[in-house]
Amino acid sequence: MRYLKFTLKYGWRILLPLLAILVLDYTLPARDAVKIVGTEVVRTNVGTSSMFWAGGDAETDASGNRDVRFINAVRASGAPRVYRNEDTGWGWPPYLKFNSGDLQADAQNVASTEKWVKVTHYGWRITFRSIYPNAVSIEEIAGPDALGFMNWFRIIFLAFMAFLALIIWRLWNRMRDWFADKIPFKRG
């Protein structure tokens, strides 16, 4: 019973930041240096994994099937990488991507040239659930080492969010201490 009480009292302090980290990791842009080897359009049933796909209600038929564009690529190590190419529209995450057709044409053009490209994407690759990251943009680069190892936008954004959380936490504690001096109450 003590374990359950402890979990209910303090579990949210672990669960809430973990949930925030997972949401940010999914939605913040990442980038890969790859060679595009092909593109395809596949009739896909998004089914139970629909929260990881773009909200394509207009393109989805009654059985949950829709056509999805895919970009097939290979990393410098030879490992395959597959991206889906869907418009995000006005939904979440707010990339306002309306150019999936143009991006598919760019990917087909690059696939015929054997050039290295930087693919900016968001999302995760979960193999057993058939979930793919969504490609947002493609840019040609000099080679697989042209990107370096750091994703500066992601690092700066997460550092800013951590700094903001620290400020809010400190303000909360100061406010609680101030009220404890003015109004006697029991701290939990």
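Refer to the structure above for everything that follows.
Residue numbers restart at each chain and count upward from 1, following the sequence in its written direction. With pLDDT at 70 or above as the cut-off, local features in this predicted model cover only qualifying residues; side-chain atom pairs require 80 or more to be listed or tallied, and sums for whole chains, interfaces and linings still use all residues. Side-chain measures were taken over the full set of non-hydrogen atoms in the model, leaving aside hydrogen atoms and water.

### Quick notes on the pairing of strand β4 (residues 116-122)
Next, step 1: Burial here depends on accessible area, computed with a 1.4 Å probe over protein chains only, as a share of the maximum for the residue type. Under 20% is buried, over 50% is exposed, and the range in between is partly exposed. Here a helix means four or more residues in a row that DSSP labels H or I, a strand means two or more in a row labelled E, and each is numbered from the N terminus. Of all seven residues that make up β4, seven are buried, and the element is covered over most of its length.
Next, step 2: Going residue by residue along β4, you find Trp-116, Lys-118, Thr-120 and Tyr-122 tucked away on one face and Val-117, Val-119 and His-121 tucked away on the opposite face as well.
Next, step 3: Two strands qualify as a pair provided DSSP detects at least 2 bridges between them. Here six bridges tie β4 to strand β5 (residues 134-140), and the two strands are oriented antiparallel to one another. Residue Val-119 lies in a different strand from β5, and its bridge partner there is Ile-138.

### Topic: a nonpolar patch on the surface
Next, step 1: Patch definition: residues with relative accessible area over 30% and no salt bridge; like charges joined within 9 Å; nonpolar side chains (Val, Leu, Ile, Met, Phe, Trp, Tyr) joined within 5 Å. Surface exposure here means Shrake-Rupley accessible area, sampled with a 1.4 Å probe, where a residue is shielded only by the protein chains that are shown. Each salt bridge in this description consists of a side-chain nitrogen of Lys or Arg and a carboxyl oxygen of Asp or Glu lying within 4 Å of one another. Nonpolar side chains collect at one region of the surface, where Trp-172, Met-175, Trp-178, Phe-179 and Ile-183 lie side by side and expose about 540 Å² of accessible area between them.
Next, step 2: Structurally, Phe-179 is set in helix α3 (residues 152-182).

### Some points on the pattern of salt bridges
Next, step 1: A complete count under the given rule lists eight salt bridges for this structure.
Next, step 2: Asp-32 serves as the salt-bridge partner of Arg-81, at 3.1 Å between the closest nitrogen and oxygen. Placement of the pair is Arg-81 in strand β3 (residues 80-85) and Asp-32 in strand β1 (residues 30-45), with a sequence separation of 49 residues.
Next, step 3: Since its relative accessible area comes to 13%, Arg-81 is described here as buried.

### Description of the side chain of Lys-97
Next, step 1: Tracing the backbone through its elements, the reader meets Lys-97 in the loop between β3 and α2 (100-111).
Next, step 2: Charge counting treats Lys and Arg as positive and Asp and Glu as negative, with His and both chain ends excluded. Buried charge without a partner: Lys-97 forms no salt bridge, and the closest opposite charge is Asp-87, 5.1 Å away.
Next, step 3: In this structure the side chain of Lys-97 is engaged in a polar contact, spanning 2.7 Å, whose partner is the side chain of Asn-85.
Next, step 4: Side-chain polar atoms of Lys-97 contact the backbone oxygen of Glu-86, separated by 3.2 Å.
Next, step 5: For this analysis, residues touch if any pair of their heavy atoms sits within 4.5 Å. In this view, Lys-97 contacts Asn-85, Glu-86, Asp-87, Thr-88, Gly-89, Leu-103, Asn-134, Ala-135 and Val-136; residues no more than four positions away in its chain are not counted. Residues adjacent in sequence count toward polar contacts only when both atoms are side-chain atoms; beyond that, a polar contact is any pair of N or O atoms within 3.5 Å, and within protein one must be able to donate a hydrogen and the other to accept it.

### Here we look at a positive patch on the surface
Next, step 1: Residues Lys-5, Lys-9, Arg-13 and Arg-176 make up a contiguous surface patch of positive charge.
Next, step 2: Top contributing element to the positive patch by residue count: helix α1 (residues 2-27), with three residues.
Next, step 3: Relative to the helices and strands, Arg-176 resides in helix α3. Lys charges are placed at NZ, Arg charges at CZ, Asp charges at CG and Glu charges at CD.

### Re α2
Next, step 1: Helix span is expected to be 1.5 Å times the residue number reduced by one. Given a rise of 1.5 Å per residue, twelve residues ought to cover 16 Å, and the 16 Å separating the end C-alpha atoms of α2 matches this to within 8%.
Next, step 2: Buried residues along α2 sit in contact with β1, β2 (65-75), β3, β4 and β5.

### A closer look at the packing of aromatic side chains
Next, step 1: By convention, a stacked pair of Phe, Tyr or Trp rings (six-membered ring in the case of Trp) has centres within 6.5 Å and planes under 30 degrees apart, an edge-to-face pair has planes over 60 apart, and any other such pair is tilted. Tallied over the full model, the rule gives six aromatic pairs.
Next, step 2: For the ring pair Tyr-26 and Tyr-122, a centre distance of 5.9 Å and an interplane angle of 80° mean the geometry is edge-to-face. With Tyr-26 in helix α1 and Tyr-122 in strand β4, the pair connects residues that are 96 residues apart, well separated along the chain.
Next, step 3: For Tyr-26, a relative accessible area of 11% corresponds to the buried category.
Next, step 4: A relative accessible area of 3% places Tyr-122 in the buried class.
Next, step 5: Taken together, the aromatic side chains of Tyr-26, Tyr-95, Tyr-122 and Trp-124 make up a single cluster linked through ring pairs.

### Topic: the side chain of Asn-72
Next, step 1: One can find Asn-72 in strand β2.
Next, step 2: With sequence-adjacent residues up to four places away left out, Asn-72 is seen in contact with Lys-35, Ile-36, Val-37, Gly-38, Thr-39, Glu-40, Arg-81 and Val-82.

### Structural notes on the layout of surface pockets
Next, step 1: Any residue with an atom within 4 Å of a point lines the site, the site being either a cavity, points on a 1 Å grid over the protein atoms alone where a 1.4 Å probe fits but cannot get out, or a pocket, an open set with protein on both sides within 12 Å along at least 5 of 7 lines. Grid points are joined across faces, edges and corners, and a volume is the space filled by probe spheres set on the points. The space that makes up the largest pocket amounts to roughly 730 Å³.
Next, step 2: Contributing to the lining of the largest pocket are 21 residues, with Trp-12, Leu-16, Pro-17, Ala-165 and Trp-169 lying nearest its centre.
Next, step 3: Broken down by secondary-structure element, the contributors of at least two residues to the lining of the largest pocket are α1 and α3.
Next, step 4: Of the residues forming the lining of the largest pocket, the biggest block, ten residues, is contributed by α3.

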